[in-house]
Amino acid sequence: MTRLLDVENLTLDFDTDEGRITAVDDVSFSLEAGEIMGLVGESGSGKSVTAKALMKLNASNAIYGQNTKISLNLADGPVDIMSLRTAQELQIVRGGAISMIFQEPMASFAPAITIGAQMVEQLLIHTSMSALKAQEVSIEMLNRVGISDASTRFKQYAFELSGGMRQRAMIAMALSTNPKLLIADEPTTALDVTIQAQVIDLMKDLVKDFGMGIVFITHDLGVIAQTADTVAVMYLGRVVEKGPVRQVIGNPSHPYTQGLIKALPRLDDLDSPLTPIPGDIPSPLERPNGCVFNTRCSQFLGSQCSGEIPKFTPISHDHMVACHIYQQDQKGT
Amino acid sequence: MKRDTLISANNVSVHYPINGGKLLGPKPVVRAVENVTLNITKGSFFGLVGESGSGKTTLGRAMLKAAPITNGIVNFNDGEVNYSLSNMSSKELKDYRTRSQLIFQDPYAALSPRMTVRDIIAEPLEIMKLTSSREETDRRVREIAAKCRLNLEHLRRFPHAFSGGQRQRISIARALVSEPKFVVADESVAALDVSIQADVLNLLKEIQQEMGLTFLFISHDLSVVAHICDHVAVMYFGRLVETAPTRELFNNPCHPYTKALLSAIPSLDPDAKNLAQKLEGEIPSPTNPPPGCKFQTRCPHAIDICRRDEPQLESVGVEHNVACHRWQELM
């Protein structure tokens with residue numbers, strides 16, 4: 001496998017009327033081609049902002065940290081995304097090398113333009129195809145994602161399709177430019193479970209066929225367990241635990257990850273009580289000092305946790321956790 | 001009607017007229033709920049599951065008389081009063097409103113941003129004239145707020161100052177301040193984060209036991225229902241396809257739709273193999289219902305009889321009913 005994406009020290013602030021808020025704080029991760037990386041977190045954890053930063057798609061009041069480095073390795077050499085400034089330069093990545101699918105497919109399609117016209121438009125922008133060829137490719141992609149009677153659907157509007165079908169069309173559209181990296185922001189959250197299962201299967205198949213990398217954003221640990229190869233758990237803008245999905249979910253080590261799993265109602269154990277994580281996610285205007293989770297942590301150690309930002313400690317090969325409990329263990333031995 | 005039943009539906013249908021059809025012919029309708037029969041026992045936590053468009057919300061509203069009941073009878077009997085919902089005077093309806101309540105899905109949309117939390121919770125008492133003085137209103141607001149883990153400081157603030165979980169607790173306090181007997185919770189935890197969701201679920205269960213409430217808990221999330229409800233009904237396309245005590249339903253699902261729904265829930269175990277067949281296709285359009293069993297268009301086991309005759313609920317075990325022609329063969 002080849003390294004597709006490297007994100008180093010991604011820090012992102014927003015200038016708002018109420019003051020400067022930190023949305024993403026020193027986040028690093030990498031992704032291989034043909035790999036699905038899950039980005040899990042609750043609302044306000046910064047997972048969507050992180051994903052949008054990969055295309056510099058955040059609003060104009062976003063301020064990127066000085067040490068932020070995002071590099072995307074394409075066939076003709078690496079692209080330093082932070083150095084792209086103009087809309088023209090950014091077009092290499094936006095819709096070209098990187099595509100994105102969103103949570104609510106009804107809101108992502110223009111309501112007054114046919115599905116087909118929207119698919120053709122982006123192919124004309126990003127490739128040198130003729131309009132006729134673009135139409136052929138689009139219909140073929142609609143077929144590929146399991147939409148029956150694709151040439152009819154091509155001429156229809158978004159409101160004429162059901163929710164599951166719209167999300168399939170969205171995926172077809174995102175993949176038709178043959179991106180190297182696909183960002184999927186809660187792509188199954190608005191769907192029913194039986195449809196969600198279909199879309200998850202489809203996405204796994206597509207990774208195999210197209211060999212691209214996927215950053216899969218979700219709040220649902222079950223969906224991550226079924227789709228991702230690696231996972232990064234985010235809380236209040238920081239990654240608190242990351243590693244291969246089997247190890248992170250099978251042996252959750254950060255108190256936050258442990259809490260999330262205990263709070264999840266599970267079908268395989270109906271007797272286990274639901275244990276909520278106490279308290280609420282703090283406002284981004286009042287980010288706690290030290291470890292961001294210290295205000296809700298059940299294993300709070302004292303001044304260390306509230307004063308010092310924990311560093312990543314390996315639990316096993318590739319499985320990293322940012323928590324003082326493990327740093328102490330290391331010092332002890 | 002059994003003696004310990006609080007509210008029951010007998011062959012209840014809710015039809016909505018839609019545009020179209022012939023000029024002089026019968027007006028076409030969407031059958032949002034069709035021939036549903038169920039009994040909710042006093043003090044129980046009754047779950048109603050189904051995907052979008054299955055009619056679960058409409059059925060919940062019909063039981064609150066917030067949706068028109070086209071056919072059938074909904075009967076409410078709490079020991080003090082006995083109402084048939086499709087046939088009540090406006091005085092009785094007003095009284096029924098104090099005995100039944102609804103908790104909504106989205107705590108951001110359900111609370112007026114211009115009222116303080118105290119006023120939001122007090123409003124039902126004032127509108128229904130359940131208290132005789134402001135002191136009494138305040139006392140009841142404080143009592144229910146304490147039960148919902150809101151403190152006095154919170155009562156003076158406006159909803160914008162609260163997080164999603166806190167707002168949902170405010171919604172719950174408002175629904176319960178009139179001391180209803182029957183509460184419909186429509187997707188009441190769906191908008192909340194997992195770490196908060198567990199807290200609200202525990203709170204609902206606690207209050208239900210403390211106040212002896214009867215809940216109809218509507219949800220698309222089977223794992224949530226499994227944890228909180230004692231009895232579950234599964235809906236598909238406006239029909240009940242299976243009802244059973246929770247454990248029985250999860251250990252011994254009989255309808256192919258229930259089985260598919262259970263197997264579609266993503267497991268936390270990455271190696272979990274889904275043995276059951278995945279469903280193809282989607283729920284049919286309500287304006288163009290398929291003949292026979294409404295699930296036959298997606299059912300992997302459909303045969304001729306399924307395409308011809310609509311199955312009726314039949315007994316499978318104690319309180320366990322299923323509407324499927326082939327449940328016995330498929331066991």
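Residues numbered from 1 in each chain as written. Chains lettered and ligands numbered in written order. Predicted model: local features only at pLDDT ≥ 70, side-chain atom pairs only at ≥ 80, totals over all residues. Heavy atoms only, no water.

**With respect to the overall build of chain B**
At step 1: Looking only at helices and strands, chain B has 11 helices and 12 strands in total.
At step 2: Expressed along its principal axes, the backbone C-alpha trace of chain B runs to roughly 65 × 60 × 40 Å.
At step 3: Considering only residue pairs separated by 6 or more positions, chain B has 63% of its internal contacts joining residues 24 or more positions apart.
At step 4: A total accessible area of about 15,000 Å² is found for chain B, and carbon and sulfur atoms account for 48% of it. (Helix = DSSP H or I, 4+ residues; strand = E, 2+ residues; numbered from the N terminus. Contact = heavy atoms within 4.5 Å. Areas by Shrake-Rupley, 256 points an atom, 1.4 Å probe, with all protein chains shown as cover.)

**Side note on the domain arrangement of chain B**
Residue and element names in this part refer to chain B.
At step 1: Domain parsing of chain B yields domain 1 (5-236) and domain 2 (254-331).
At step 2: One C-alpha centre belongs to domain 1, the other to domain 2; they are set 28 Å apart.
At step 3: Listed as interface residues are 12 residues of domain 1 and, on the opposing side, 14 residues of domain 2.
At step 4: Both sides of the domain 1 and domain 2 interface together cover about 1,100 Å² of buried area, and 72% of this is carbon and sulfur.
At step 5: Broken down residue by residue, the surface that domain 1 buries against domain 2 is led by E51, L222 and Y236, which jointly contribute 53%.
At step 6: Put simply, domain 1 and domain 2 have one salt bridge between them.
At step 7: We note a salt bridge from E51 to R298, for which the minimum N-O separation is 3.7 Å.
At step 8: Mapped by element, the contributors of at least two residues to the side of domain 1 that touches domain 2 are α8 (222-228) and β9 (231-236).
At step 9: Here the element with the most residues in the side of domain 1 that touches domain 2 is β9; it accounts for four residues. (Domains from an automatic or database assignment. Buried area = accessible area lost by both parts, 1.4 Å probe. Salt bridge = Lys/Arg side-chain N within 4 Å of Asp/Glu carboxyl O.)

**Focus on the side chain of R287 of chain A**
Residue and element names in this part refer to chain A.
At step 1: Structurally, the position occupied by R287 is in the loop between α11 (255-263) and α12 (303-307).
At step 2: In terms of polar contacts, R287 uses its side chain to reach the side chain of D25, at 3.3 Å.
At step 3: Within the structure, R287 has its side chain in polar contact with the backbone oxygen of L236 (distance 2.4 Å).
At step 4: Discounting chain neighbours no more than four positions away, the residues touching R287 are T22, D25, L236, G237, R238 and V292. (Polar contact = N/O pair within 3.5 Å; in protein donor to acceptor, adjacent residues only side chain to side chain.)

**Thoughts on the packing of helix α3 (residues 117-127) of chain B against helix α6 (residues 164-176) of chain B**
Residue and element names in this part refer to chain B.
At step 1: Between α3 and α6, the least distance of the axes is 7 Å, while the angle of their chain directions is 30°. It follows from the interaxial angle that α3 and α6 lie roughly parallel. Where α3 approaches α6, its residues V117, I120, I121 and P124 are matched on the opposing element by I170, A173 and R174.
At step 2: The residue makeup of the contact of α3 with α6, split by class, is six nonpolar, no polar and one charged. (Axes fitted to C-alpha atoms, helices over the stretch in contact; angles between N-to-C directions. Parallel < 35°, antiparallel > 145°, perpendicular 65-115°, else oblique. Nonpolar A, V, L, I, M, F, W, Y, C, P; charged D, E, K, R; others polar.)

**A closer look at the environment of Y64 of chain A**
At step 1: Position of Y64 of chain A among the secondary structure elements: in strand β4 (residues 62-64).
At step 2: Residue contacts for Y64 of chain A: discarding those within four places in its chain leaves L10, T11, L12, A53, K56, L57, N58 and M82 of chain A.

**As for the pattern of salt bridges**
Residue and element names in this part refer to chain A.
At step 1: Tallying each qualifying case throughout the model produces 30 salt bridges over all chains.
At step 2: Notably, a salt bridge pairs K47 with E186, separated by 3.9 Å at the nearest N-O pair. With K47 in helix α1 (residues 47-53) and E186 in the loop between β8 (181-185) and α8 (193-210), the pair connects residues that are 139 residues apart, well separated along the chain. For the pair K47 and E186, one class covers both residues: buried. (Buried < 20%, exposed > 50% of the residue type's maximum accessible area, 1.4 Å probe, protein only.)

**Things to note about helix α7 (residues 194-211) of chain B**
All names here are of chain B.
At step 1: In this model, α7 (18 residues) spans 26 Å end to end at C-alpha, consistent with the 26 Å of a helix rising 1.5 Å per residue.
At step 2: Considered for burial, the residues of α7 that qualify are V194, S195, I196, Q197, A198, D199, V200, L201, L203, L204, I207 and Q208.
At step 3: Once α7 ends, the next one or two residues include G212, with phi positive near 65°. (Expected span 1.5 Å × (residues − 1).)

**Considerations on the packing of helix α7 (residues 163-175) of chain A against α8 of chain A**
Residue and element names in this part refer to chain A.
At step 1: Look at α7 against α8: their axes get within 10 Å of each other, and the N-to-C directions meet at 15°. Between α7 and α8, the angle falls in the class roughly parallel. As α7 packs across α8, the resulting crossing turns out to be right-handed. For the pair formed by α7 and α8, the contact residues are G164, R168, I171 and L175 on the first element and I195, Q198, V199, L202, M203, L206 and F210 on the second.
At step 2: Each residue belonging to the contact of α7 with α8 can be placed in one class, and the counts come to eight nonpolar, two polar and one charged. (Left-handed = near helix turned anticlockwise from the far one by under 90°.)

**Some points on the packing of aromatic side chains**
Two aromatic rings, taken as a pair, are described by how far apart their centres are and by the angle between their planes.
Residue and element names in this part refer to chain A.
At step 1: Scanning all chains against the criterion turns up 11 aromatic pairs over all chains.
At step 2: Where Y235 meets F293, the ring centres are 5.1 Å apart and the plane angle is 85°; that geometry is what we call edge-to-face. Of this pair, Y235 sits in strand β10 (residues 230-235) while F293 sits in the loop between α11 and α12, placing them 58 residues apart in sequence.
At step 3: An aromatic cluster is present here, built from Y235, Y256 and F293 joined pairwise through their rings.
At step 4: A cation over a ring is seen here: K242 above F312, with NZ or CZ 4.6 Å from the ring centre. (Phe/Tyr/Trp six-rings, centres within 6.5 Å; stacked < 30°, edge-to-face > 60°. Lys NZ or Arg CZ within 6 Å of the ring centre and 35° of its normal.)

**A look at the interface of chain A and chain B**
At step 1: Listed as interface residues are 42 residues of chain A and, on the opposing side, 37 residues of chain B.
At step 2: Around 3,400 Å² of area is buried between chain A and chain B when both sides are counted, 57% of it from carbon and sulfur atoms.
At step 3: Seen at the junction of chain A and chain B, the total is one salt bridge.
At step 4: Of all the secondary-structure elements, those providing two or more residues to the side of chain A that touches chain B are α7, α8, α9 (221-227), α10 (245-250) and α11 of chain A.
At step 5: Top element by residues in the side of chain A that touches chain B is α8 of chain A. It accounts for seven residues.
At step 6: Here the residues of the side of chain A that touches chain B sort into 20 nonpolar, 13 polar and nine charged.

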